[in-house]
Amino acid sequence: VAVPRRYLDIVDLAVARGVDPGKYTQGLGAREMAVAEPGEDTVSLAATAATRALAGIDRSELGLLVVGTETGVDHSKPVASFVHGLLELPRAMRVYDTQHACYGGTAGLMTAIEWIASGAAGNRAALVICSDIARYGIHTAGEPTQGAGAIAMVIRRDPALLALDVGVTGASSTHVHDFWRPLGMREAQVDGHYSVECYLDAVATAYRGWTVQAIARGLIASPGCEQLARLCYHVPFCKMAKKAHLQVRRCDAEDDGIAFDEVAAAASFERQVAPSLPLCSRIGNVYTGSLYVGLAGLLDAQAGELADRRIGMFSYGSGCTSEFFSGVVSPRAAERIAEARLADVLAARERISIAEYERIMALT
Ligand code: COA
């Protein structure tokens, strides 16, 4: 995990904008927001995360590098190419970016997993990176849901963190205009409330698709997300994960032919989803990386007790495409995630003032 060196306290932002802080802290679930300065672009964040992920790993094993991003630095040359050069990775490998809003990293992950599962990879491993700067601009409704960072993942046989259930996924795609960034524009354009509706519509279809596959493969006996130890959702802002989980519970209730119990659903959220959110609440939106920031935070907090247990994951990219998938936590996960030193990464940051944040926003 890599994050910018600076962050803003979300209460400072609320006060500066004349908004009740409760709207940002309770209403959106935010605490802190990462602020990327000009030298911290998608490439540098990706390269930092990748350097950390590859510590102790033989780079000559790599045969594929994919960067999922919607904050590219060039219309043609991919972020992955810069990272490949900076890290002096092997020449004999495929190197490219994948883009579909916040789903781009998951596209890379699925490609890597299926490349390995097909046998085409032989003994080679893949490096998948999600790197983004979420920027809506100052004085916009999306301003408190900005953020930045990168996540790098090594995908190989015998994984140390999580063994994905290959081929057991549910996808949902529709052509909608909920969020976009026209060529040449720095700030994302978003129909915020509509994007929440599109996300909720997508998670219902994708989750039901996963359920059918999971039953067919014998991973679960019948519909019901209680059979998953935890669920991680794409987290554009933390409250979205709660909305998503209530939607999944609504699907379960409908499919069981029983009334939706909001109190039980809220309790299930606290148990199954809330442990993945503290890290997200301290970084903000990382677009492609947001789901995986949640996953990293969850494993950092609970990998020991989750060993050999299955977790569900939902990735959403506006526009839109999405996927619900699952995996089983490795018994070695606690040891491996400790190498990410997440507490140190966060502790090394500097809190900045609103004036400094606005100065940086004007520069980037
Ligand atoms: N105390 C506690 N909660 C408060 C509050 C207060 N004083 N004032 C408002 N709230 C709550 C609202 O009830 C709402 O909660 P709900 O969604 O559970 O109803 C929440 O805070 C947000 O308020 P809202 O008025 O909807 O905010 P907004 O219109 O300013 O914008 C977004 C919210 C998310 C639409 C906006 O930040 C945005 O566009 N973000 C970027 C797009 C995005 O992240 N989309 C997600 C899908 S990809």
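Only a predicted model underlies this, so the values are computations on that prediction, with no experimental measurement involved.

**Here's the deal with the nonpolar core**
So, point 1. In this structure, I155, Y233, Y292, M313 and F314 are the most contacted members of the largest nonpolar core, which totals 94 residues.
So, point 2. Ranked by residue count, the leading element in this core is helix α6 (residues 192-216), at 11 residues.
So, point 3. The residues touching I155, leaving out its near neighbours within four places in the chain, are L109, A112, I113, I116, A125, A126 and V128.
So, point 4. Residues A53, L54, A148 and A152 belong to the second largest nonpolar core, which totals 27 residues.

**Concerning the layout of surface pockets**
So, point 1. Roughly 1,200 Å³ of internal volume is contained in the largest pocket.
So, point 2. The wall of the largest pocket is formed by 48 residues, among which E70, T71, G72, R181 and M185 lie closest to the centre.
So, point 3. Where the lining of the largest pocket is concerned, the elements lending two or more residues are β2 (32-35), β4 (94-98), β5 (125-134), β8 (179-180) and α13 (354-363).
So, point 4. In terms of residue count, β2 provides more of the lining of the largest pocket than any other element does, 3 residues in total.

**Quick word on helix α1 (residues 10-17)**
So, point 1. Every buried residue belonging to α1 is among I10, L13, A14 and R17, and all of these are buried. Buried residues of α1, viewed axially, fall in a sector of 100°; they line one side.
So, point 2. Those residues of α1 hidden inside the fold are in contact with β1 (6-9), α2 (21-27), β2 and α13.
So, point 3. The N-cap of α1, judged by a side-chain oxygen 2.9 Å from the amide nitrogen of V11 a few residues on, is D9.
So, point 4. Just downstream of α1, G18 is the residue with a positive phi angle, here 70°.

**What to know about the packing of α6 against helix α7 (residues 238-256)**
So, point 1. Running from N to C, α6 and α7 point in directions that differ by 45°, and their axes come no closer than 9 Å. With respect to their mutual orientation, α6 and α7 come out oblique. Two packed elements cross with a definite hand, and for α6 against α7 that hand is right-handed. Counted together, V196, Y199, L200, D201, V203, A204, Y207 and R208 of α6 and M240, K243, A244, Q247, V248, C251, D252, E254 and D255 of α7 form the full contact between these two elements.
So, point 2. Across the contact of α6 with α7, the residue classes tally to 10 nonpolar, 1 polar and 6 charged.

**What about the site of the ligand?**
So, point 1. In the vicinity of the ligand lie 18 residues, with K23, H193, S195, K239 and K243 positioned nearest.
So, point 2. Contact between the ligand and D20: a nitrogen atom at 2.8 Å from a side-chain N or O atom of the residue.
So, point 3. K239 places a polar side-chain atom, nitrogen or oxygen, 2.8 Å from an oxygen atom of the ligand.
So, point 4. In isolation the ligand exposes 970 Å². Once the protein is present, 70% of that is buried.
So, point 5. Listed by contribution, the elements that provide at least two residues to the shell around the ligand are α2, α6 and α7.

**Here's the deal with the packing of aromatic side chains**
Aromatic ring pairs are reported here in terms of the distance separating the ring centres and the angle at which the planes meet.
So, point 1. In the structure shown here, the tally under the stated rule is 8 aromatic pairs.
So, point 2. Measuring from centroid to centroid gives 6.1 Å for Y136 and F179, while their planes differ by 85°, and the two rings are edge-to-face. Of this pair, Y136 sits in the loop between β5 and β6 (147-155) while F179 is found in strand β8, placing the two residues 43 residues apart along the sequence.
So, point 3. Judged by relative accessible area, which is 10%, Y136 ranks as buried.
So, point 4. The exposure class assigned to F179 is buried, which follows from its relative accessible area of 11%.
So, point 5. When the ring of Y207 is compared with that of F324, the centres are 5.2 Å apart and the planes differ by 65°; the resulting orientation is edge-to-face. Of the two residues, Y207 is situated in helix α6 and F324 in strand β12 (residues 321-329); the sequence distance between them amounts to 117 residues. The same class applies to Y207 and to F324, which are both buried.
So, point 6. A connected cluster of aromatic rings, assembled from ring pairs, spans Y136, F179 and Y287.

**With respect to the pairing of β6**
So, point 1. Taking burial as the measure, the 9 residues of β6 include 9 buried ones, the bulk of the element.
So, point 2. Pairing of β5 with β6, which is carried by 9 bridges, proceeds in the antiparallel orientation. Bridging from a neighbouring strand, L127 pairs with V154 of β6.

**Focus: empty space enclosed by the protein**
So, point 1. According to the stated counting rule, one finds 2 cavities of 30 Å³ or more in the structure shown.
So, point 2. Reported here for the largest cavity is a volume of approximately 90 Å³.
So, point 3. Around the largest cavity sit 17 residues that line it, and A30, P144, F237, C280 and G284 are the ones nearest its centre.
So, point 4. For the lining of the largest cavity, the class distribution of residues is 10 nonpolar, 6 polar and 1 charged.
So, point 5. Within this model, the second largest cavity holds a volume of roughly 40 Å³.
So, point 6. M110, I113, L164, D165, V166, G167, T169, F325 and S326 are the residues that line the second largest cavity.
So, point 7. Going through the elements one at a time, α5 (104-117), β7 (162-173) and β12 are the ones with two or more residues in the lining of the second largest cavity.
So, point 8. Tallying contributions element by element places β7 first for the lining of the second largest cavity, with 5 residues.
So, point 9. Class assignment of the residues belonging to the lining of the second largest cavity gives a composition of 5 nonpolar, 3 polar and 1 charged.

**Some words on the sheet that holds strand β11 (residues 310-317)**
Adjacent strands of a sheet pair through backbone hydrogen bonds, lying either parallel or antiparallel.
So, point 1. Taken in spatial order, the 4 strands of this open sheet run β7-β12-β11-β10, and their pairing is mixed. Two strands close off the open sheet at either side, each with one partner strand: β7 and β10 (230-233). Strand-to-strand twist in this sheet, taken as the mean axis angle between neighbours without regard to direction, amounts to 20°.
So, point 2. Relative to β12, β7 runs antiparallel, the two sharing 8 bridges. Paired with A171 across the strands is E323, a residue of β12.
So, point 3. Of the strands in this sheet, β7, β10, β11 and β12 touch helix α10 (residues 290-306), which is tilted by about 165° from β10.

Calculation rules
- Residues numbered from 1 in each chain as written.
- Predicted model: local features only at pLDDT ≥ 70, side-chain atom pairs only at ≥ 80, totals over all residues.
- Heavy atoms only, no water.
- Core = buried A, V, L, I, M, F, W, Y, C linked by side-chain atoms within 4.5 Å.
- Buried < 20%, exposed > 50% of the residue type's maximum accessible area, 1.4 Å probe, protein only.
- Helix = DSSP H or I, 4+ residues; strand = E, 2+ residues; numbered from the N terminus.
- Contact = heavy atoms within 4.5 Å.
- 1 Å grid on protein atoms, 1.4 Å probe; cavity = no way out; pocket = protein on both sides within 12 Å on 5 of 7 lines; lining within 4 Å.
- Points joined across faces, edges and corners; volume = space filled by probe spheres on them.
- Arc of directions from axis to C-beta.
- Polar contact = N/O pair within 3.5 Å; in protein donor to acceptor, adjacent residues only side chain to side chain.
- Axes fitted to C-alpha atoms, helices over the stretch in contact; angles between N-to-C directions.
- Parallel < 35°, antiparallel > 145°, perpendicular 65-115°, else oblique.
- Left-handed = near helix turned anticlockwise from the far one by under 90°.
- Nonpolar A, V, L, I, M, F, W, Y, C, P; charged D, E, K, R; others polar.
- Near = heavy atom within 4 Å.
- Areas by Shrake-Rupley, 256 points an atom, 1.4 Å probe, with all protein chains shown as cover.
- Phe/Tyr/Trp six-rings, centres within 6.5 Å; stacked < 30°, edge-to-face > 60°.
- Pairing = 2+ DSSP bridges.

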